[in-house]
Amino acid sequence: MTLSNAISVIQHSDRIETQLSRYESIIGADYRGYRGHIYRVLSYTLHFLGDESARPTIETALVYHDIGLWSDKAISYLEPSIDRAQSDNASRGWGLDPELLEAIIYWHHKVTPYRGRNAAIVNAVRKADWIDASGGRLRMGMPKPCIERVAEEIPADGFYDTLARIGPELAGSLPAALRGLMRVYKI
């Protein structure tokens with residue numbers, strides 16, 4: 001599949017703003033950077049999909065996909081992030097597909113393609129997250145002009161500094177952080 005160079009850059013969603021704002025005090029100084037990460041990943045994801053039918057679940061999964069880093073202060077944050085997303089989905093009556101919500105969060109670091117139910121959606125998010133987490137160095141099939149446009153329109157606001165800092169901070173050392181990240185990234 002060849003992707004167009006014309007990407008829609010999404011900078012606002014009521015759903016994201018409402019859900020993410022509940023965690024602003026927990027995320028603290030990293031809030032703006034994480035918020036930008038969510039919107040960059042959403043923009044790439046929807047461009048990969050070319051379809052917005054799963055957008056509510058994708059948006060919610062993106063709000064929660066890394067939240068355990070701050071809420072639980074855990075380098076192995078996937079399960080706490082999933083637990084929060086599932087709990088809020090149930091208690092707030094969002095009615096989102098819990099299996100898809102979990103799969104997006106759990107597999108968003110997978111290096112190789114995901115092959116389960118909703119693979120197209122999970123893989124779109126997975127590739128989009130890799131693009132953004134790598135600062136565009138990994139393109140995952142996304143045209144370079146799309147990455148440049150998204151990066152230009154949605155500033156990093158310290159997100160990449162957060163990535164460099166938070167692993168060693170939570171794990172206590174760089175080697176411990178690398179071991180933890182290997183578990184998180186399924187390496």
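First, a word on scope: everything that follows refers to the structure included in this document. Values in this document were obtained by computation on a predicted structure and should not be read as measured data. (Residues numbered from 1 in each chain as written. Predicted model: local features only at pLDDT ≥ 70, side-chain atom pairs only at ≥ 80, totals over all residues. Heavy atoms only, no water.)

## With respect to the packing of helix α1 (residues 14-21) against helix α3 (residues 31-49)
- Here α1 crosses α3 at 150 degrees, and the two axes come no closer than 12 Å. The orientation of α1 with respect to α3, classified from their angle, is roughly antiparallel. Crossing of α1 against α3: the hand is right-handed. Between α1, through I16, E17, L20 and S21, and α3, the contact on the second element is made entirely by Y31, Y34, R35, I38, Y39 and L42.
- Tallied by class, the residues present in the contact of α1 with α3 amount to seven nonpolar, one polar and two charged. (Axes fitted to C-alpha atoms, helices over the stretch in contact; angles between N-to-C directions. Helix = DSSP H or I, 4+ residues; strand = E, 2+ residues; numbered from the N terminus. Parallel < 35°, antiparallel > 145°, perpendicular 65-115°, else oblique. Left-handed = near helix turned anticlockwise from the far one by under 90°. Contact = heavy atoms within 4.5 Å. Nonpolar A, V, L, I, M, F, W, Y, C, P; charged D, E, K, R; others polar.)

## Examining helix α10 (residues 159-171)
- Between the first and last C-alpha of α10 there are 19 Å, a value that for 13 residues agrees with the 18 Å anticipated at 1.5 Å per step.
- Among the residues of α10, those classed as buried are F159, T162, I166 and G167.
- The first or second residue beyond α10 is G172, which carries a positive phi of 100 degrees. (Expected span 1.5 Å × (residues − 1). Buried < 20%, exposed > 50% of the residue type's maximum accessible area, 1.4 Å probe, protein only.)

## Re the environment of S13
- Among the secondary structure elements, S13 is positioned in the segment before α1.
- Sequence separation between S13 and E59 is 46 residues, and the spatial gap between their C-alpha atoms is 8.3 Å.
- Apart from residues lying up to four places away in sequence, S13 is in contact with Y39, R55 and E59.
- A distance of 3.3 Å separates a polar side-chain atom of S13 from the backbone nitrogen of R15.
- For S13, the side chain forms a polar contact with the side chain of E59, separated by 2.9 Å. (Polar contact = N/O pair within 3.5 Å; in protein donor to acceptor, adjacent residues only side chain to side chain.)

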